Amino acid sequence: MRRGLGLMWVVAAVAGLSAPAGATDVSGPLIGDVTWGPAGNPWVITGDVVVPEGVTLTVAAGAVVRFAADDDQDRGTGRTELVIEGGLVIEGEAGNPAVFTATSLAPARGAWEGVTVAPEGSVLATHAVIEYAQRGLELQAGTPIALLDHVRVTQSNQEQIRAGAGATLDLTDCVIHDGRSDGLQLAEGTYGLANVRIHGNGAYGIEATLNDPASTLVADRLTVNRNGSYGVYVVRGNARTVV
């Protein structure tokens, strides 16, 4: 089993996993900046991984990160997740994305918890896939920032992306499709969507509650179709905007 700087490693057998030969198993908090690249594939998350404040996790093009169904850290939900209190940088490339998925070869929605960005965390991602999570990406209330370019989020069991109050979320050339609930669920915050496609989700394409007058939602070349409820549903005070 490979070892990597700044990680706490666990043996797959302890977590009850049948890890592929050559897998790199990861569990627990990072203790310094680290890069996960394709040479370590697959990176098997056997317990919650936390990127602390001041630490950056970089995921390179071609890296495959697989999340186990059971969390050996037992932090609460029982499902494994990636928690970003510091920074996450995903450096995928066209035709060679970084992939975040389940360990199962036939996963169901909600097989793992998702990527959670803490109140002061940040994500900068290009050419990535997030699939089969409970919630693909969650920005907690506070001042988290997520800038996503050519990212696809699919097959989430709850909202594909949920942003809490105060969040900043910018999506460019992204596809949010085929989740069980909302494509995007947005609280008060700052949001930009450019050439984004949202389709095939079980509830709203976009559900936004923007009661704070400072909140903004700016969209350019937005395609929303074939969702289970309204394509776009925005609440601002007593006003409702429905598309």
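Everything discussed here concerns the structure shown above.
Heads up: these notes are all about the structure in this document.

Rules of the game
Residues numbered from 1 in each chain as written. Predicted model: local features only at pLDDT ≥ 70, side-chain atom pairs only at ≥ 80, totals over all residues. Heavy atoms only, no water. Helix = DSSP H or I, 4+ residues; strand = E, 2+ residues; numbered from the N terminus. Contact = heavy atoms within 4.5 Å. Polar contact = N/O pair within 3.5 Å; in protein donor to acceptor, adjacent residues only side chain to side chain. Salt bridge = Lys/Arg side-chain N within 4 Å of Asp/Glu carboxyl O. Buried < 20%, exposed > 50% of the residue type's maximum accessible area, 1.4 Å probe, protein only. Phe/Tyr/Trp six-rings, centres within 6.5 Å; stacked < 30°, edge-to-face > 60°. 1 Å grid on protein atoms, 1.4 Å probe; cavity = no way out; pocket = protein on both sides within 12 Å on 5 of 7 lines; lining within 4 Å. Points joined across faces, edges and corners; volume = space filled by probe spheres on them. Nonpolar A, V, L, I, M, F, W, Y, C, P; charged D, E, K, R; others polar.

Our focus in this paragraph is the environment of glutamine 185. With respect to the helices, strands and loops of the structure, glutamine 185 is situated in strand β16 (residues 184-186). Sequence separation between glutamine 185 and glutamate 159 is 26 residues, and the spatial gap between their C-alpha atoms is 6.6 Å. In this view, glutamine 185 contacts Glu159, Ile161, Arg162, Ala163 and Glu207; residues no more than four positions away in its chain are not counted. Of the polar contacts made by the side chain of glutamine 185, one reaches the side chain of aspartate 182; its length is 3.3 Å.

Going through the model one piece at a time under the given rule, you end up with 5 salt bridges. Here glutamate 113 ties to arginine 79 by a salt bridge, and the two come within 2.8 Å at their closest N and O atoms. One end of the pair, glutamate 113, is in the loop between β8 (98-102) and β9 (114-117); the other, arginine 79, is in the loop between β5 (64-67) and β6 (81-84), and 34 residues separate them in sequence. We classify arginine 79 as partly exposed; its relative accessible area is 25%. For the salt bridge of glutamate 138 with arginine 135, the shortest nitrogen-to-oxygen distance reads 3.3 Å. For the pair glutamate 138 and arginine 135, one class covers both residues: buried. Through salt bridges with shared partners, one network takes in Arg135, Glu138, Glu159 and Arg162.

Remark: the centre distance and the inter-plane angle together describe each pair of aromatic rings, the angle taken between the planes. For the structure on display, the rule yields 5 aromatic pairs. An angle of 25 degrees between the planes, with centres 5.2 Å apart, marks the rings of tyrosine 204 and tyrosine 233 as stacked. Taken together, the positions of tyrosine 204 in the loop between β17 (189-199) and β18 (206-209) and tyrosine 233 in strand β20 (residues 232-236) put the pair 29 residues apart, joining distant regions of the chain. For tyrosine 204, a relative accessible area of 19% gives the class buried. With relative accessibility at 19%, the residue tyrosine 233 sits in the buried group. An aromatic cluster is present here, built from Tyr204, Tyr230 and Tyr233 joined pairwise through their rings.

This paragraph deals with empty space enclosed by the protein. Scanning all chains against the criterion turns up 2 cavities of 30 Å³ or more. The space that makes up the largest cavity amounts to roughly 50 Å³. Leu88, Ile90, Phe100, Val115, Val123, Ala125, Ile130, Leu137, Leu148 and Val151 together form the lining of the largest cavity. When residues of the lining of the largest cavity are traced back to their parent elements, those giving at least two are β7 (87-91), β10 (122-131) and β12 (145-154). The leading source of residues in the lining of the largest cavity is β10, at 3 residues. When grouped by side-chain class, the residues that make up the lining of the largest cavity number 10 nonpolar, no polar and no charged. There is about 30 Å³ of room inside the second largest cavity. In terms of lining residues, the second largest cavity is bounded by Glu81, Glu113, Gly114, Val115, Thr116, Arg135 and Glu138. Sorting elements by how many residues they give to the lining of the second largest cavity places β9 first, with 3 residues.

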